[in-house]
Amino acid sequence: MSGERLVEVTGLRRDYGARCAVRDLDFHVDRGEVLGLLGPNGAGKSTTLQVVSGCLAPSAGRVTLAGHDVNDSPRRAKAALGYLPEQPPLYRGLTVDEYLDFCARLHGLRGARLRAARERAKARCGLIADGRRLIAQLSKGYQQRVGIAQAILHDPPVVILDEPTVGLDPNQIREIRALVDDLGDDHAVILSTHILPEVEAVCDRVLILHRGRAVYSDRVTAAGDGGGGAELECAFSTPPDAAVLAALDGVEAVEPLGEGRFVLRHGGGHGLAEALAAASVEGGWGLMELRPRRRSLEQLFVELTCREELA
Amino acid sequence: MSALVVAGRELRGLFVTPFGWIALAVAQFVAAWLFLVQVEGFVKLQARLAAVPGAPGVTDLVVAPLLAQIGVLLLVVMPLVSMRAISGERQAGTLPLLLAAPLGAGELVLGKFLAAFAFGLLLIGLLGLMPLALLTGTTLDLGKFLAGLLGLTLLLAAVAAVGLLLSALIHQPAAAAAGTFGLLLLLWVADAGAPAGSALAWISLSHHLQPFLRGLVDTADIGYYLIVTVTCLLLSARRLEGGRRG
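Just so we're clear, the structure is a prediction, and the values are computed from it rather than from any experiment.

Scoring rules and cut-offs
Each chain has its residues counted from 1, following the order in which its sequence is written. Written order decides the labels, with chains lettered from A and ligands numbered from 1. Where local features are concerned, this predicted model is filtered to residues with pLDDT of at least 70; where side-chain atom pairs are given and counted, the filter is 80 or more; whole-chain, interface and lining totals use all residues. Helix numbers and strand numbers start at the N terminus; a helix is a DSSP run of H or I with at least 4 residues, a strand a run of E with at least 2. Computation of the radius of gyration draws on C-alpha atoms, with the globule rule given as 2.2 Å multiplied by the number of residues to the power 0.38. Residues with at least 20 neighbouring C-beta atoms inside 10 Å of their own are called buried, those with 12 or fewer are called exposed, and the rest are partly exposed, where every C-beta is derived from the backbone. Here contacts are defined at the residue level, using C-beta atoms placed from the backbone and a cut-off of 7 Å between them. Expected span, for any helix, means 1.5 Å times one less than how many residues it has. In this count, Pro and Cys sit with the nonpolar residues alongside Ala, Val, Leu, Ile, Met, Phe, Trp and Tyr, while Asp, Glu, Lys and Arg are called charged and the others, Gly among them, polar. Lines fitted to C-alpha atoms define the axes here, with helix axes fitted over just the stretch in contact, and angles between the N-to-C directions of these axes take values from 0 to 180 degrees. By definition, any crossing whose near helix is turned counterclockwise from its far helix by less than a right angle is left-handed, and any crossing with a clockwise turn is right-handed. For two strands to be treated as a pair, DSSP must find at least two bridges joining them. Under this scheme an angle from 65 to 115 degrees is roughly perpendicular, one under 35 degrees roughly parallel, and one over 145 degrees roughly antiparallel; angles in between are oblique. One number per residue, pLDDT, summarises how confident the predictor is, and it ranges from 0 to 100. The term nonpolar core means buried Ala, Val, Leu, Ile, Met, Phe, Trp, Tyr and Cys residues held together as one set by C-beta atoms within 7 Å.

Asker: What exactly am I supposed to notice about the overall build of chain B here?
Answerer: Tallying secondary structure elements over chain B gives 10 helices and zero strands in all. When its helices and strands are written in sequence order, chain B yields α-α-α-α-α-α-α-α-α-α. Taking 246 residues into account, the globule formula puts the C-alpha radius of gyration at 18 Å, and chain B, at 19 Å, falls close to it. Here the C-alpha coordinates of chain B stretch approximately 70 × 40 × 30 Å along the principal axes. Buried residues in chain B amount to 43% of all 246 residues. Counted over contacts in chain B with a minimum sequence separation of 6, partners at least 24 positions apart contribute 80%.

Asker: Could you clarify how one ought to interpret the overall build of chain A in this entry?
Answerer: A tally of regular secondary structure across chain A gives 11 helices and 14 strands. By principal-axis analysis of the C-alpha atoms, chain A measures approximately 75 × 50 × 35 Å. For chain A, with 311 residues in total, the buried portion stands at 41%. Considering only intrachain contacts with a sequence separation of at least 6, the fraction spanning at least 24 residues in chain A is 68%.

Asker: What am I meant to see in helix 5 (residues 140-152) of chain A here?
Answerer: Each turn of an α-helix holds 3.6 residues, which means side chains three or four residues apart point in the same direction. Residues and elements named next belong to chain A. With 13 residues, helix 5 should cover 18 Å at 1.5 Å per step; its first-to-last C-alpha distance of 19 Å lies within 8% of that length. Here helix 5 has its buried residues at Gln-144, Arg-145, Val-146, Gly-147, Ile-148, Ala-149, Gln-150, Ala-151 and Ile-152. For helix 5, the secondary structure elements touched by its buried residues are strand 6 (81-84), helix 3 (96-106), helix 4 (111-124), strand 7 (158-162) and helix 6 (170-183).

Asker: Which parts of the structure should I look at to understand the interface of chain B and chain A?
Answerer: The extent of an interface is frequently quoted as the accessible surface area lost upon association of the parts. Facing the 18 residues of chain B at the interface are 21 residues of chain A. Of all elements in the fold, only helix 1 (2-16), helix 4 (95-99) and helix 10 (219-245) of chain B reach the threshold of two or more residues within the side of chain B that touches chain A. With five residues, the top contributor of residues to the side of chain B that touches chain A is helix 1 of chain B. Of the residues that constitute the side of chain B that touches chain A, the class distribution is nine nonpolar, six polar and three charged.

Asker: What am I meant to see in the packing of helix 5 (residues 105-132) of chain B against helix 6 (residues 142-169) of chain B here?
Answerer: Helix-helix packing is characterised by the crossing angle of the two axes and by the distance between the axes. Residue and element names in this part refer to chain B. With their axes 9 Å apart at the nearest point, helix 5 and helix 6 run at an angle of 145 degrees to one another. Like other packed secondary-structure pairs, helix 5 and helix 6 cross with a definite hand, here right-handed. Of the residues in helix 6, those touching helix 5 at Val-109, Lys-112, Phe-113, Ala-116, Phe-117, Gly-120, Leu-121, Ile-124, Gly-128 and Pro-131 are Phe-145, Leu-149, Leu-152, Thr-153, Leu-156, Ala-157, Ala-160, Ala-161, Gly-163 and Leu-164. Here the contact of helix 5 with helix 6 is built from residues that sort into 15 nonpolar, four polar and one charged.

Asker: Quick question: what am I supposed to make of the environment of Leu-75 of chain B here?
Answerer: Residues and elements named next belong to chain B. Here Leu-75 lies in helix 3 (residues 58-92). Leu-75 sits in the buried class, given 21 other C-beta atoms within 10 Å. Taking the C-alpha atoms as reference points, Leu-75 and Glu-10, 65 residues apart in sequence, are found 20 Å from one another.

Asker: Teacher, can you tell me more about the environment of Gly-108 of chain A here?
Answerer: Residues and elements named next belong to chain A. By the element assignment, Gly-108 lies in the loop between helix 3 and helix 4. Overall, the presence of 16 C-beta atoms within 10 Å leaves Gly-108 in the partly exposed class. Placed 80 residues apart in sequence, Gly-108 and Ala-188 show a C-alpha to C-alpha distance of 21 Å.

Asker: Please clarify how the sheet that holds strand 9 (residues 205-210) of chain A should be interpreted in this entry.
Answerer: By way of backbone hydrogen bonds, the strands of a sheet pair with one another, either parallel or antiparallel. Residues and elements named next belong to chain A. The strand order across the open sheet built from six strands is 6-7-8-3-9-10, with neighbouring strands paired in mixed fashion. Each of the sheet's edge strands pairs with one partner strand only, and the pair in question is strand 6 and strand 10 (213-219). Sheet twist, expressed as the mean angle between neighbouring strand axes with direction ignored, is 15 degrees. Direction of pairing for strand 9 relative to strand 10: antiparallel, over a ladder of six bridges. Looking at strand 10, one finds that Ile-208 is bridged to Tyr-216.

Asker: Which parts of the structure should I look at to understand unusual backbone geometry?
Answerer: Working note: non-glycine residues mostly have negative phi, and peptide bonds are mostly trans. All names here are of chain A. Backbone geometry places Asp-24, a non-glycine residue, at a positive phi of 50 degrees. Residue placement: Asp-24 occurs in strand 2 (residues 19-30). Among the residues examined, Asp-24 registers 14 C-beta atoms within 10 Å and is labelled partly exposed. Its identity is not glycine, yet Asp-155 carries a phi of approximately 50 degrees, on the positive side. Secondary-structure assignment places Asp-155 in the loop between helix 5 and strand 7. On the neighbour-count criterion, Asp-155 (14 C-beta atoms within 10 Å) is partly exposed.

Asker: Looking at this structure, I do not really get the packing of helix 2 (residues 18-51) of chain B against helix 5 of chain B. What am I missing?
Answerer: Residue and element names in this part refer to chain B. Taken N-terminus to C-terminus, the directions of helix 2 and helix 5 make an angle of 30 degrees; their axes are 10 Å apart at the nearest point. Put simply, helix 2 runs roughly parallel to helix 5. Crossing hand, helix 2 versus helix 5: right-handed. Contact residues: helix 2 offers Gly-20, Leu-24, Ala-27, Gln-28, Ala-31, Ala-32 and Phe-35, while helix 5 offers Phe-119, Leu-123, Leu-126, Leu-127 and Met-130. Among the residues making up the contact of helix 2 with helix 5, the classes are represented as 10 nonpolar, two polar and no charged.

Asker: Can you help me understand the confidence of the model for chain A in this one?
Answerer: Low-pLDDT stretches of the model should not have their predicted coordinates read in fine detail. Here chain A averages 85 in pLDDT, and 92% of its residues register 70 or above. Least confident of the elements in chain A is helix 8 (residues 220-224) of chain A, whose mean pLDDT is 60; most confident is helix 3 of chain A, at 95.

Asker: Sorry, what's going on with the nonpolar core here?
Answerer: Side chains of nonpolar character tend, in soluble globular proteins, to be buried together. Residues and elements named next belong to chain B. Core analysis: the biggest nonpolar cluster contains 140 residues, and Ala-161 and Leu-164 have the highest contact counts within it. Ranked by residues supplied to this core, first place goes to helix 6 with 16 residues. Among all residues touching Leu-164, those that are not within four sequence positions of it are Ser-82, Ala-85, Ile-86, Val-109, Lys-112, Phe-113, Ala-116, Cys-232, Leu-233 and Ser-236.

Asker: I keep staring at the sheet that holds strand 1 (residues 5-16) of chain A and nothing clicks. Help me out?
Answerer: All names here are of chain A. Here four strands make up an open sheet; going across it, the order is 2-1-4-5 and the pairing antiparallel. Here the strands that pair on one side only, and so sit at the sheet edges, are strand 2 and strand 5 (68-69). Together, strand 1, strand 2 and strand 4 (60-65) form the strand contacts of helix 1 (residues 45-52), whose direction differs from that of strand 1 by roughly 120 degrees.

Asker: Sorry if this is basic, but what is going on with the environment of Ala-192 of chain B here?
Answerer: Residue placement: Ala-192 of chain B occurs in the loop between helix 7 (173-189) and helix 8 (199-203). The exposure class assigned to Ala-192 of chain B is exposed, which follows from the 11 C-beta atoms found within 10 Å.

Asker: How do you make sense of the pairing of strand 4 of chain A when you look at a structure like this?
Answerer: Note on strand geometry: in a regular strand, side chains alternate between the two faces of the sheet. Residue and element names in this part refer to chain A. Pairing geometry for strand 1 and strand 4, over five bridges, is antiparallel. Following the sheet pairing, Arg-13 is matched in strand 4 by Ala-60. Pairing geometry for strand 4 and strand 5, over two bridges, is antiparallel. Paired with Thr-64 across the two strands is Asp-69, which belongs to strand 5. A loop of two residues connects strand 4 with strand 5, the two strands running antiparallel in sequence, and Ala-66 in this loop sits at a positive phi of about 50 degrees.

Right under this line is the structure:
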């Protein structure tokens, strides 16, 4: 199932009058992938998603969804798309069922297929018991669920979620993460957010936007141990000399933190932790704590998006 | 067809809020009042009219003025309906749902138009029932009455289309309604003081309604309303398309 290229964006540019919101943007998302779109407020995330979803026309460049150009054959491209905009597009006067039925009809579903699609979307978004409730009376979290239900209703290969977890409580955020994770198995998902742990938790790849440009694009795991090498934090009850630690195979630098704590920089790989534990037993250092410290996405994000401001 | 799906949702939206019901009720009340005033005036005049050979009948003196007044009511009520169509969706944040759906701008505009048109037809239908009550006591010139209803229907189409265009152009619903009402009112009175046959008379909405109320169905008048309707719908669709580039 995976591998099929479902979203392809090339040379995308979007201007608002004289102001350029997004420029020179290239990315793609395959089936079975979740792409996290990151960036500070105003970086162009929502604009990008509006263009990809066909709500805005690109000033230059091309967007194809499931092989169909959004501008040349919008109907086919949009049939392959489920889109949750930044503000969930809900008709507050309708009940959840009425609303989802309307959305399903917009996508050409009728009769038994419509009912099946509606019930499946409700089940996936935890709305089974709420079909007859008015959308206006739902809490923010439930409204967000209805918005997501709308986006996955017709089982589109491409799902775009613009900040799906804004304003939700931690439990609801976990549920939505689980849902996105689930969707990521057989859909192409683009998720925009400025919550970094969210990206680390569910995304396969990350694209960081800053002032309308892509400043970073790679796999999430690569972002984790990017910057060449990783770090190991350890604590001992009877700490050895820093020089002893530095002599261990693979250690590049040792940074003592005091109270028996050290940070060891190493060249990557997983042999060092084992060697360190063995050395501790041998030397009777009393190893109490040992955990890998990866360069977090947050550090990367701050580095990339603050650099220009300082310059 | 997607246009009908859009139209169905729009109509439902008018009636799940109090708006649709209140608009219909108020229009009915106002029209009933005008109708009663009209009938009373006719009853007072009746004795004198009976003496004049070839004097205008109840259709000319009661029904035609009532239909003209229903036309004015349309100018007041329809901008409030059409403002919701696109401007309202934009403000409520629901427009992206329609723009990201596999649905052309033409279908979207047509759906919105059909909903406004259907609401207006309901209004005309309910108000148009009142003159039929006269059938219990007198006879009506039904040909004239039906010609008048046809004229109102064509006027309704034009009014709904103008409202839709302004709804697409103006982002704030209240401003769209005010703009529509102002423009329609201007078009309604454009022929005031203008000689028949002048350009001002030709663009006037009311000028083309008068022949229908006299029982005269002229293709030129039908053509006028259809041209206004179709032009506004095409421009609305273009505007929606253009709005993506904006």
